[in-house]
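Fold and geometry: a report
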Amino acid sequence: MSGGTVVAGAIYADDGRLLLAQRAYPPELAGLWELPGGKVEPGETLDQALVRELCEELNVDVRVGVRLEASVRLKPGLDMVAVRARIVAGIPDTTEHLDLRWVDADMLNAMDLRGEIVPNDRAWIPELLADLRE
Ligand code: 9L3
Ligand code: MG
């Protein structure tokens, strides 16, 4: 149950903003904001897993882009990576999350300072801010 990889999507809209999703569980993460995603299943590539997860969680079809540099050790044997993506079909919907929000650099930075981001996802904030400020 412990081995594997979690893949998360840094989804950018055409206007440059980034999609954040508010976790509903577990209790210690509920209410905090993350890059949406989930576990890579046996036999899947990272990209395939991200497409599946974002379809399941947000009801959108995405085109996968370039990975973020930072990877995160969630626990021994379970690592998390993030991949940039764009929506090619659908409008993001909450099936598993409490809420969704499109943010620019200032909004993301303010949310981080207020402690509203899932702690593990904070490793990506420098790269996300750089993308958003491009
Ligand atoms: N996790 C952390 N940040 C994220 C994602 C998608 C997931 N951006 C952590 C939370 C859970 C584990 O990875 O402990 C599995 O994620 P999920 O399947 O509950 O989304
Ligand atoms: Mg998930």
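Here is a short report on the structure shown in this document. None of these values were measured; they are calculated from a predicted model.

A closer look at the packing of aromatic side chains
Taken as a whole and judged by the stated rule, the model has zero aromatic pairs. For the cation-ring pair, R23 lies above Y25, with the distance from its terminal atom to the ring centre recorded as 4.9 Å. The ring of W33 has R101 lying over it, and the distance from NZ or CZ to the ring centre is 4.4 Å.

Overview of unusual backbone geometry
For the peptide bond that leads from Y25 to P26, omega is -15°, which places it in the cis range. By secondary structure assignment, the location of P26 is in the loop between β2 (18–22) and β3 (33–34). Although it is not a glycine, N59 sits at a positive phi angle of roughly 65°. When you line up the elements, N59 lands in the loop between α1 (46–58) and β5 (61–67).

A few points about the pairing of strand β1 (residues 4–11)
Of all eight residues that make up β1, six are buried, and the element is covered over most of its length. Inspection of the sheet shows β1 paired to strand β7 (residues 78–89) by eight bridges, in the parallel sense. Bridge pairing in β7 links A8 to A82. As defined by bridge partners, β1 adjoins strand β4 (residues 37–39) across three bridges and the pair is classed as antiparallel. Of the residues in β4, the one forming a bridge with V6 is K39.

The rules behind these values
Residues numbered from 1 in each chain as written. Chains lettered and ligands numbered in written order. Predicted model: local features only at pLDDT ≥ 70, side-chain atom pairs only at ≥ 80, totals over all residues. Heavy atoms only, no water. Phe/Tyr/Trp six-rings, centres within 6.5 Å; stacked < 30°, edge-to-face > 60°. Lys NZ or Arg CZ within 6 Å of the ring centre and 35° of its normal. Helix = DSSP H or I, 4+ residues; strand = E, 2+ residues; numbered from the N terminus. Buried < 20%, exposed > 50% of the residue type's maximum accessible area, 1.4 Å probe, protein only. Pairing = 2+ DSSP bridges.

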